[in-house]
Amino acid sequence: MKLLSAIVPCYNEQENIRDFYDEFMKNESDFKSRDLEVELIFVDDGSTDLTVKNVKELAEKDNRIHLISFSRNFGKEAAILAGLRRSKGDLTVIMDADLQDPPALLPQMLDHIDEGYDSVATRRVTRKGEPLIRSFFARRFYSLMRRMSKTEIVDGARDYRLMTRQVVDAILSMPEYCRFTKGIFGWVGFNTKWIEFENVERRKGETKWSFGKLLVYSIEGITSFSTAPLGLAAFIGLLFCLLAFAAIIFVFVRAFFFGDPTSGWPSLVCIILLVSGIQLFCIGIVGEYLAKAYLEVKQRPVYLVKEEI
Ligand code: UDP
Ligand code: MG
């Protein structure tokens, strides 16, 4: 018998736990026919509702259910890491609790593993039901990322992924504190089969990602997997040096031939504002990377576990 571990990060998902379990277990006969045992690892990311209680109720009836409960909200990336560390499976899958990652795709994904792929990833090809502005910026982010980073980060990719033990171990060998999972998946490589599906809207409850949170997350992604912004800062600096050089020559030549006294302080003020703005912007970019290094150096744990069943 082989073991399949399913990791389910949950943050205030009280209404979805039961539905998720039922939906997931619809595959039970398929698992049996493949000689697969399953374990379900719910990672409670510091929920303030009845998520923990609901998982415990399920766990009493079904001993294949495990719970890791955090001391506070550490974010989905931390929950995924905790689940991966806990998973013992020969195969491991990560799934959202809100059923936006349809469990019905699992048999197809398992087929691809049987074909010899190391990992089966999913991406949604539509963004139906999502605010237009959110989709627009998401698309911009992915196209920017494609140009800036050598690591492959696929548009619409979900964290819904089935992986062999080898891939899980590779991910666990990455010790970083700032964990941008989408980038980590791409970075470790391996033979990956992509499955496409239409976006499914969240079953119940609200999304935990506000626009602001997503913006911070995208900056996190860029600074974790690309150093291109640092190069951009250097480039802008050089460009302005050249501009300044040209301006100096222009001013000198004009003063020499036409004896024009320097006039027009408004333009000067504009230039000072522009250049100091650009300087602060570039320092900000450097600061982002410095902050990242600062967080890594402190070596704090990525999450704290309060309770485990
Ligand atoms: N989640 C989490 N910690 C968080 C935010 C979200 O564990 O801080 C979980 C959440 O419970 C869900 C999954 O991550 O299972 C995806 O979250 P959500 O559905 O809110 O994101 P969306 O699908 O809208 O991108
Ligand atoms: Mg969701």
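Residues numbered from 1 in each chain as written. Chains lettered and ligands numbered in written order. Predicted model: local features only at pLDDT ≥ 70, side-chain atom pairs only at ≥ 80, totals over all residues. Heavy atoms only, no water.

**As for the overall build of the chain**
A tally of regular secondary structure across the chain gives eleven helices and eight strands. Since a compact globule built from 309 residues should have a radius of gyration of about 19 Å, the 25 Å found for the chain marks it as more spread out than a globular shape. When the backbone C-alpha atoms are referred to their principal axes, the chain occupies close to 90 × 40 × 40 Å. Counting across all 309 residues of the chain, residues that qualify as buried make up 45%. Considering only contacts in the chain between residues 6 or more positions apart, those separated by 24 or more positions represent 84%. In the chain, the 40 positive side-chain charges and the 41 negative ones have mean positions that sit 4 Å from each other. (Helix = DSSP H or I, 4+ residues; strand = E, 2+ residues; numbered from the N terminus. Rg over C-alpha atoms; globule rule 2.2 N^0.38 Å. Buried < 20%, exposed > 50% of the residue type's maximum accessible area, 1.4 Å probe, protein only. Contact = heavy atoms within 4.5 Å. Lys, Arg positive; Asp, Glu negative; His and termini not counted. Charge placed at Lys NZ, Arg CZ, Asp CG, Glu CD.)

**A few points about the site of ligand 1**
Near ligand 1 you find 18 residues, and of these Glu13, Asp45, Asp98, Gln100 and Thr207 are the closest. Within the side chain of Thr207, an N or O atom sits 2.6 Å from an oxygen atom of ligand 1. Separating an oxygen atom of ligand 1 from a side-chain N or O atom of Trp209 is a distance of 3.3 Å. In terms of residue class, the shell around ligand 1 is made up of five nonpolar, four polar and nine charged. (Near = heavy atom within 4 Å. Polar contact = N/O pair within 3.5 Å; in protein donor to acceptor, adjacent residues only side chain to side chain. Nonpolar A, V, L, I, M, F, W, Y, C, P; charged D, E, K, R; others polar.)

**Overview of the coordination of the magnesium ion (ligand 2)**
With distances of 1.9 Å, the protein atoms coordinating the magnesium ion (ligand 2) are Asp98 (OD) and Gln100 (OE1). According to the relative accessible area criterion, Asp98 is buried, its value standing at 3%. Given a relative accessible area of 14%, Gln100 falls into the buried group. (Donors = N, O, S within 2.8 Å, 3.2 Å for Na, K, Ca; no water.)

**Thoughts on the nonpolar core**
Formed by 35 residues in total, the largest nonpolar core has its most connected members in Phe24, Leu40, Phe42 and Leu162. If you tally residues by element for this core, the top one is helix H1 (residues 17–25), at five residues. Ala78, Ala79, Leu81 and Phe141 belong to the second-largest nonpolar core, a separate cluster that totals 32 residues. (Core = buried A, V, L, I, M, F, W, Y, C linked by side-chain atoms within 4.5 Å.)

**Quick word on the packing of aromatic side chains**
Pairs of aromatic rings are described using the distance from one ring centre to the other and the angle between the two planes. Under the definition given, this model contains 13 aromatic pairs. Measuring from ring centre to ring centre gives 5.3 Å for Phe136 and Phe137, while their planes differ by 80 degrees; the resulting arrangement is edge-to-face. When the centroid spacing of 6.3 Å and the interplanar angle of 50 degrees are considered together, the rings of Phe180 and Phe225 count as tilted. Here Phe180, found in the loop between helix H7 (165–172) and helix H8 (181–188), pairs with Phe225, found in helix H9 (residues 211–225); they are 45 residues apart in sequence, far enough to count as distant. Judged by its relative accessible area of 1%, Phe180 falls in the buried class. Through successive ring pairs, a cluster of aromatic residues spans Phe141, Tyr142, Phe180, Trp209, Tyr217 and Phe225. Here the basic side chain of Arg72 rests over the ring of Phe74, its NZ or CZ set 3.9 Å away from the ring centre. (Phe/Tyr/Trp six-rings, centres within 6.5 Å; stacked < 30°, edge-to-face > 60°. Lys NZ or Arg CZ within 6 Å of the ring centre and 35° of its normal.)

**So, the pairing of strand E2 (residues 36–44)**
Within E2, eight of the nine residues are buried, which leaves the element mostly enclosed by the surrounding structure. Bridge count between strand E1 (residues 2–10) and E2: nine bridges; the pairing is parallel. Residue Leu3 lies in a different strand from E2, and its bridge partner there is Glu37. Note that E2 and strand E3 (residues 65–70) share five bridges and pair parallel. (Pairing = 2+ DSSP bridges.)

**Regarding the state of the cysteines**
Per the stated rule, a full pass over the model turns up zero disulfides. The thiol sulfur of Cys241 is not disulfide-bonded, and the nearest other cysteine sulfur, from Cys282, lies at 11 Å. Of the residues examined, Cys241 reaches a relative accessible area of 52% and is grouped as exposed. (Disulfide = S-S within 2.5 Å.)

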